[in-house]
Amino acid sequence: MKKIVLASGNRHKLEEIQTMLKDFGFELVTMKDAGYGDEDIIEDGDTFEANSMIKALAVHKKLGFASLADDSGLMVDVLGGAPGVYSARFAGEPKSDENNNRLLLEKLAEIPDERRTARFVTVLTLIMENGDVLTARGEVEGIIGHAPKGVNGFGYDPLFFVPHLNKTFAELTSDEKNALSHRGNALVALKEKIGQYYEALSRQ
Ligand code: IMP
């Protein structure tokens, strides 16, 4: 079985990705379980692509296994794409979902519904054991609400309103969210690229 080290310690992400990629027979392990140690990876890129690559490369270089990293965030149109790569720490340190959501509502206080458009973005980077790189981007469009709604999920989910469902992400079950989320869409795109990659290899 081909081992892939996930450049994250988040077991929810591990399970979600493991399920999505099960057809390829990968064994997915967290970087901690693979022996990466406590060293922090400095994510100082200014795009999701850059940060996702920084994380995948750090793990690949140190451990030599195939590695997979994701980088995600919220982009709000009227804020010029902010908080973007700063989503986790939008309201500063220590990072707090509640403070981030409060700050976002403050910044949009005078903004009418039609200009509260936003999207969640995920970029996945998979580095194969031989150094080949596959990347995939997933997005989902929504509207920033006027007050938090719902108790599920994390981060900006209670403010991220999906008009066609008339619900926020925090009002969806995790299966419902995964079926349409940025992360889910990026995983579908990555799965397709992995399929094409192995198909091309088998023709060589
Ligand atoms: P990460 O790269 O997945 O750790 O995401 C960085 C930050 O973006 C998180 O700390 C959240 O603030 C925000 N974010 C990313 N994905 C989601 C999501 O699915 N729901 C809500 N917030 C998210």
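Residues numbered from 1 in each chain as written. Predicted model: local features only at pLDDT ≥ 70, side-chain atom pairs only at ≥ 80, totals over all residues. Heavy atoms only, no water.

Draft legend 1. Layout of the pattern of salt bridges. With the rule as written, the count across this model stands at 17 salt bridges. For the salt bridge of Glu 139 with Arg 119, the shortest nitrogen-to-oxygen distance reads 3.8 Å. Here Arg 119 lies in strand E4 (residues 117–127) and Glu 139 lies in strand E5 (residues 133–144), a separation of 20 residues in the sequence. A salt bridge links Lys 177 to Asp 157; the shortest N-O distance between them is 2.8 Å. In this pair, Lys 177 is assigned in helix H4 (residues 174–180) and Asp 157 in the loop between E5 and strand E6 (160–162), connecting sequence segments 20 residues apart. For the pair shown, Lys 177 and Asp 157 are each scored as buried. Through salt bridges with shared partners, a single ionic network connects Glu 49, Asp 77, Arg 119, Arg 137, Glu 139 and Glu 141. (Salt bridge = Lys/Arg side-chain N within 4 Å of Asp/Glu carboxyl O. Helix = DSSP H or I, 4+ residues; strand = E, 2+ residues; numbered from the N terminus. Buried < 20%, exposed > 50% of the residue type's maximum accessible area, 1.4 Å probe, protein only.)

Draft legend 2. The packing of aromatic side chains, seen in detail. Taken as a whole and judged by the stated rule, the model has six aromatic pairs. Look at Phe 160 and Phe 169: their rings are 4.9 Å apart centre to centre, the planes differ by 55 degrees, and that puts the pair in the tilted class. Neither residue differs from the other here; Phe 160 and Phe 169 are each classed as buried. Considering the side-chain rings of Tyr 197 and Tyr 198, the 5.4 Å spacing of their centres and the 70 degrees angle between planes classify their relative orientation as edge-to-face. Given a relative accessible area of 24%, Tyr 198 falls into the partly exposed group. An aromatic cluster is built from Phe 24, Phe 26, Tyr 197 and Tyr 198, whose rings are joined through pairwise contacts. (Phe/Tyr/Trp six-rings, centres within 6.5 Å; stacked < 30°, edge-to-face > 60°.)

Draft legend 3. Highlighting the site of the ligand. In the region of the ligand, 14 residues are neighbours, and Ser 72, Asp 157, Lys 177, His 182 and Arg 183 sit closest. Residue Asp 157 places a side-chain N or O atom 2.6 Å away from a nitrogen atom belonging to the ligand. When the ligand sits alone it has 480 Å² of accessible area, and the protein chains cover 87% of it. Its atoms largely coinciding with the cavity grid, the ligand occupies the largest pocket. (Near = heavy atom within 4 Å. Polar contact = N/O pair within 3.5 Å; in protein donor to acceptor, adjacent residues only side chain to side chain. Areas by Shrake-Rupley, 256 points an atom, 1.4 Å probe, with all protein chains shown as cover. 1 Å grid on protein atoms, 1.4 Å probe; cavity = no way out; pocket = protein on both sides within 12 Å on 5 of 7 lines; lining within 4 Å. Sits in = over half its atoms within 2 Å of the grid points.)

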